[in-house]
Amino acid sequence: MGTKIVAINTYLPEKIITNQQLENDFKRWDSEKIEAKLGIRNRHVVKDDETALDLAYNASLKTIKEYDKNKIDFVILCTQSPDYFLPSGACILQNKLGLRTNIGAFDFNLGCSGYIYGLAIAKGLINNNLANSILLIMSETYSKHIHKKDLANLTIFGDGAASTIIEKSENEHILEFVFGTDGSGFENLIVKNGAFRKKYDPNAPQISDNSGNIWTDNNLFMNGPEIFNFTIEKVPKLVDEILNKNEMTLNDIDFIIFHQANKYIIEYLRRKINIPKEKFYSNMLDTGNTVSVTIPLALEYSINNKIIKRGDKVLLCGFGVGYSWGATIIKF
Ligand SMILES: CC(C)(COP(=O)(O)OP(=O)(O)OC[C@H]1O[C@@H](n2cnc3c(N)ncnc32)[C@H](O)[C@@H]1OP(=O)(O)O)[C@@H](O)C(=O)NCCC(=O)NCCS
């Protein structure tokens, strides 16, 4: 027995911020320059009264239109922009989606590695006979964390949600995993204020960098170059480790999907690891970096467009905030 992914559906909020709008508002980087550097032209963002739970609900609605919701016996939500400190958003979703009450539900807090961890948790629950059918939801609204004058982050991040069903199956389709954590880098991608270490401060002083980005400790702070350094050190090793653990080489892999952080960094990684272009997914043009949602977005697109076909082996790799990273191989 084993586990497999049987459905992936995504939902993006309607509001779009274009490079042209950012060029007009900031007059610093023109729209072509942003697209050339990041591979991003548009990003979807929530309205003020729209939340990660709304996006999660809309992505899950698509799933239960095509999948018998009475089969679902666990709901797992990954987000770093929750509606409430408590309760878990997954509990609220159980009720909103009209799922059975004799099921499990919980949230977990991870960013760009979240989808890998979610698949691992789902596999573990199913293979230990704790569940048969899991609704795994990634939902993120980093736009709520970003300061309105922080162009560097406004250009990179977008909001969105993805819902995935993982089911018990005759054979194992979700192969071995590798995980990594290095909390020494936690301050390089962080929202400092708002929880209990440092409460939200309405008078938090503005901070700025040499390029003119402005934020406060209530907002998302990203040290881009440090995240870049961490990534180029860890991800090539991670690819080696996941291939070794599954006793495969790059030749055995049909397709590779990295967390779509931005084109600049993932193209650098592709060249460093020597991954052929035709095996490598790179598309965040109209979504931006949607954090834990980028990998299921890429999977949904690649499956719908027959880039991934039945039987293909697909290497997934997530990395970022924490620092946290992970990889697995899926046999479709
Ligand atoms: C954020 C990142 C793209 C910035 O690139 P960088 O080359 O390190 O940026 P620098 O600040 O040294 O800027 C170099 C030049 O690149 C250009 N640039 C930087 N960020 C840009 C952006 N968002 N859009 C367009 N051009 C950009 C600018 O020309 C800049 O010079 P200028 O501001 O003087 O005009 C890069 O550090 C990175 O990819 N880091 C990883 C971050 C990440 O992906 N995090 C997601 C979570 S995993």
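Calculation notes
Residues numbered from 1 in each chain as written. Predicted model: local features only at pLDDT ≥ 70, side-chain atom pairs only at ≥ 80, totals over all residues. Heavy atoms only, no water. Near = heavy atom within 4 Å. Polar contact = N/O pair within 3.5 Å; in protein donor to acceptor, adjacent residues only side chain to side chain. Areas by Shrake-Rupley, 256 points an atom, 1.4 Å probe, with all protein chains shown as cover. Helix = DSSP H or I, 4+ residues; strand = E, 2+ residues; numbered from the N terminus. Nonpolar A, V, L, I, M, F, W, Y, C, P; charged D, E, K, R; others polar. Domains from an automatic or database assignment. Pairing = 2+ DSSP bridges. Axes fitted to C-alpha atoms, helices over the stretch in contact; angles between N-to-C directions. Parallel < 35°, antiparallel > 145°, perpendicular 65-115°, else oblique. Left-handed = near helix turned anticlockwise from the far one by under 90°. Contact = heavy atoms within 4.5 Å. Buried < 20%, exposed > 50% of the residue type's maximum accessible area, 1.4 Å probe, protein only. Lys, Arg positive; Asp, Glu negative; His and termini not counted. Salt bridge = Lys/Arg side-chain N within 4 Å of Asp/Glu carboxyl O. Buried area = accessible area lost by both parts, 1.4 Å probe.

Draft legend 1. Here's a closer look at the site of the ligand. Taken together, 23 residues lie near the ligand, and K33, K37, T155, G224 and N262 sit nearest. Between the ligand and the protein, one listed contact pairs an oxygen atom with a side-chain N or O atom of K33 at 2.6 Å. Take T155: an N or O atom from its side chain is 3.0 Å from a nitrogen atom of the ligand. Burial of the ligand by the protein chains amounts to 75% of its free accessible area of 910 Å². Those elements that provide at least two residues to the shell around the ligand are α2 (31-38), α6 (151-156), α7 (224-245), α8 (263-273) and β14 (313-320). Of the residues assigned to the shell around the ligand, the class counts are 14 nonpolar, seven polar and two charged. Shared between two domains, the shell around the ligand takes at least three residues from each, and those domains are domain 1 (2-170) and domain 2 (176-331).

Draft legend 2. Just the pairing of strand β5 (residues 104-108), in detail. Note that strand β4 (residues 74-78) and β5 share five bridges and pair parallel. For L77, the partnering residue across the bridge sits in β5 and is D107.

Draft legend 3. Local environment of the packing of α7 against α8. Where α7 meets α8, the axes come as close as 10 Å, and the angle between the chain directions of the two elements is 40 degrees. Between α7 and α8, the crossing angle belongs to the class labelled oblique. For α7 against α8, the interelement crossing comes out right-handed. Within the contact between the two elements, α7 uses F228, T231, I232, V235, P236 and V239 and α8 uses Y264, I265, Y268, L269, K272 and I273. Of the residues assigned to the contact of α7 with α8, the class counts are 10 nonpolar, one polar and one charged.

Draft legend 4. Local environment of the side chain of D159. Position of D159 among the secondary structure elements: in the loop between α6 and β7 (160-169). One buried charged side chain, D159, makes no salt bridge at all; its nearest oppositely charged neighbour is K144, positioned 7.0 Å away. A polar contact is formed between the side chain of D159 and the side chain of S143, at a distance of 2.5 Å. With residues up to four places along the chain from it excluded, the contact list for D159 reads L12, P13, H44, V45, V46, L55, E140, T141, Y142, S143 and T290.

Draft legend 5. Local environment of the pattern of salt bridges. Taken as a whole and judged by the stated rule, the model has eight salt bridges. Residues K237 and E233 are paired through a salt bridge, measuring 3.6 Å at the closest nitrogen-oxygen approach. Of the two residues, K237 and E233 are both situated in helix α7; the distance of four residues between them amounts to about one turn of the helix. Note on K237: relative accessible area 44%, which makes it partly exposed. Via salt bridges that share partners, E233, K234 and K237 belong to a single interconnected network.

Draft legend 6. Geometry of the environment of V75. With respect to the element layout, V75 can be found in strand β4. On the basis of relative accessible area, V75 is assigned to the buried category, the value being 0%. In contact with V75, not counting residues within four places along its chain, are A90, L99, I103, G104, A105, F106, L135 and I137.

Draft legend 7. Spotlight on the domain arrangement of the protein. Each assigned domain of the protein is listed with its residue range as follows: domain 1 (2-170) and domain 2 (176-331). Measuring from the centre of the C-alpha atoms in domain 1 to the corresponding centre in domain 2 gives 15 Å. Tallying the contact residues gives 50 residues for domain 1 and 53 residues for domain 2. In this assembly, domain 1 packs against domain 2 so that about 4,100 Å² is buried in total across both faces, 64% of it on carbon and sulfur atoms. Considering only the side of domain 1, the residues that lose the most area to domain 2 are C112, I116 and H147, jointly responsible for 16% of the buried surface there. Linking domain 1 to domain 2 there are one salt bridge.

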